[in-house]
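Residue-level structural notes
These are the residues of each chain, in order.
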Amino acid sequence: QVQLVESGGGLVQPGGSLRLSCAASGSIFSIKGMAWYRQAPGKERELVAELISGNSPNYADSLKGRFTISRDNAKNTVYLQMNSLKPEDTAVYYCHAVERRGIDLYNYWGQGTQVTVSS
C-alpha cells in the first residue's frame, strides 16, 4: 500500500514559477515509478512528466524545457518544478505512483492540488 500527499499548488502570475511536492509513504521500496498528471476543466487527464526506475525522465513534448520532475529518495518525495507558467497550465495536478508486488502492479493517486495561472 502506498499513500501520496501533494502540496505546493496555488495562484501564480503568468511567467512565474511553482514547485509541487508529493510525499510517499507505505511500501516505498516497492515503488517502481512516479509521475505527474494534470486535468483542466472539461479536459481529459494528461501525463505531464514521469520518472521510472532505470530510465530518463519523460515529459509531454509541449512542456519540455519548462517543467522538471525530480525525486528525493531520502525524503521519499517527488517534485515538479514548473517555470514560465502560462494560463493554459491551469489545472488540477495529480501525483501518481506504481507499486510492484510480485508480478502485480498497483496504481496510486494523490488527492490533487490546484494550480491557477492568472494575472
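Below: a short report on this structure. The structure displayed is predicted, hence computed values, not measured ones.

What about the overall build of the protein?
Secondary structure summary: the protein contains zero helices and eleven strands in total. For the protein, the α and β elements follow one another from N to C terminus as β-β-β-β-β-β-β-β-β-β-β. Here the C-alpha radius of gyration of the protein, 14 Å, is about what a compact globule of 119 residues would show, namely 14 Å. In terms of principal-axis extent, the alpha carbons of the protein reach across some 50 × 25 × 25 Å. Within the protein, the proportion of its 119 residues that are buried is 41%. Excluding contacts between residues fewer than 6 apart, the proportion of contacts in the protein whose partners are at least 24 apart in sequence is 54%.

Some points on the sheet that holds strand E1 (residues 2-7)
Hydrogen bonds along the backbone pair up the strands of a sheet, which may run parallel or antiparallel. Spatially, four strands are ordered E1-E3-E8-E7 in an open sheet, and the strand pairing comes out antiparallel. Two strands in the sheet have a free side with no partner beyond their single neighbour: E1 and strand E7 (67-72). Recorded for the sheet is a direction-independent mean angle of 20° between the axes of neighbouring strands. Two strands pair when backbone bridges link them, and E1 and strand E3 (residues 18-26) are joined in this way by six bridges, in the antiparallel orientation. Counted as the bridge partner of Val-5 is Ala-23 from E3.

Scoring rules and cut-offs
- Residues numbered from 1 in each chain as written.
- Predicted model: local features only at pLDDT ≥ 70, side-chain atom pairs only at ≥ 80, totals over all residues.
- Heavy atoms only, no water.
- Helix = DSSP H or I, 4+ residues; strand = E, 2+ residues; numbered from the N terminus.
- Rg over C-alpha atoms; globule rule 2.2 N^0.38 Å.
- Buried < 20%, exposed > 50% of the residue type's maximum accessible area, 1.4 Å probe, protein only.
- Contact = heavy atoms within 4.5 Å.
- Pairing = 2+ DSSP bridges.
- Axes fitted to C-alpha atoms, helices over the stretch in contact; angles between N-to-C directions.

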